[in-house]
Amino acid sequence: QVQLVESGGGLVQAGGSLRLSCAASGSIFSINAMGWYRQAPGKQRELVATITSGGSSNYADSVKGRFTISGDNAKNAVYLQMNSLKPEDTAVYYCNADLTVAGYPSYDYWGQGTQVTVSS
């Protein structure tokens, strides 16, 4: 069984910063990539940023230059540093991991989500 546990969400004023953390645990054989997605009320879930085990990262255009994703392979963890936050960044942020459990093909796992609210 695999669990993704997120932390670091909260309420911040526009222009402020937050750092999200996510750690994967369980019977993990390997992790191909981890990332962050978000879902605002009434909207579909969207990609924020991803990072591969090799360190290649990808960002949504809306967060480029403001958010930075990083990973720690030894800890099976991923982080999202969010700077210059805007009210439109308000959403539930979900951690995602594309990983392999021994004996099974790779699969997408999701965390429970953490609320980020940016006040104007």
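As the structure is a prediction and not an experimental result, all values here were calculated from the model.

## Section: the state of the cysteines
Okay, so step 1: Taken as a whole and assessed by the stated rule, the structure comprises one disulfide.
Okay, so step 2: Between the sulfur of cysteine 22 and that of cysteine 95 lies a disulfide, 2.0 Å long from S to S. Between cysteine 22 and cysteine 95 the disulfide shows an S-S torsion of about -80 degrees. By sign, it is left-handed. With cysteine 22 in strand 3 (residues 18–26) and cysteine 95 in strand 9 (residues 91–101), this residue pair connects regions lying 73 residues apart in the sequence.
Okay, so step 3: What makes cysteine 22 buried here is its relative accessible area of 2%.
Okay, so step 4: Residue cysteine 95 is classed as buried on the basis of its relative accessible area of 0%.

## What about the packing of aromatic side chains?
Okay, so step 1: For the coordinates displayed, the defined rule picks out two aromatic pairs.
Okay, so step 2: Ring centres of tyrosine 37 and tryptophan 110 lie 5.1 Å apart, and the angle between their planes is 70 degrees; this geometry places the pair in the edge-to-face category. Of this pair, tyrosine 37 sits in strand 4 (residues 28–39) while tryptophan 110 sits in strand 10 (residues 107–110), and the two are 73 residues apart along the sequence.
Okay, so step 3: Its relative accessible area of 37% is what places tryptophan 110 among the partly exposed residues.

## Some words on the pattern of salt bridges
In a structure, side chains of opposite charge can pair up when their charged atoms sit close to one another.
Okay, so step 1: Counted by the stated rule, this structure contains four salt bridges.
Okay, so step 2: Notably, a salt bridge pairs aspartate 61 with lysine 64, separated by 3.1 Å at the nearest N-O pair.
Okay, so step 3: Note on aspartate 61: relative accessible area 64%, which makes it exposed.
Okay, so step 4: Taken together, the shared-partner salt bridges connect Arg38, Glu46, Arg66 and Asp89 into one network.

## Concerning the side chain of serine 21
Okay, so step 1: By the secondary structure assignment, serine 21 is in strand 3.
Okay, so step 2: On the accessibility criterion, serine 21 (19% relative accessible area) is buried.
Okay, so step 3: Leaving out residues up to four positions away in the same chain, serine 21 has contacts with Val5, Glu6, Ser7, Trp36, Val78 and Tyr79.

Thresholds applied
Residues numbered from 1 in each chain as written. Predicted model: local features only at pLDDT ≥ 70, side-chain atom pairs only at ≥ 80, totals over all residues. Heavy atoms only, no water. Disulfide = S-S within 2.5 Å. Helix = DSSP H or I, 4+ residues; strand = E, 2+ residues; numbered from the N terminus. Buried < 20%, exposed > 50% of the residue type's maximum accessible area, 1.4 Å probe, protein only. Phe/Tyr/Trp six-rings, centres within 6.5 Å; stacked < 30°, edge-to-face > 60°. Salt bridge = Lys/Arg side-chain N within 4 Å of Asp/Glu carboxyl O. Contact = heavy atoms within 4.5 Å.

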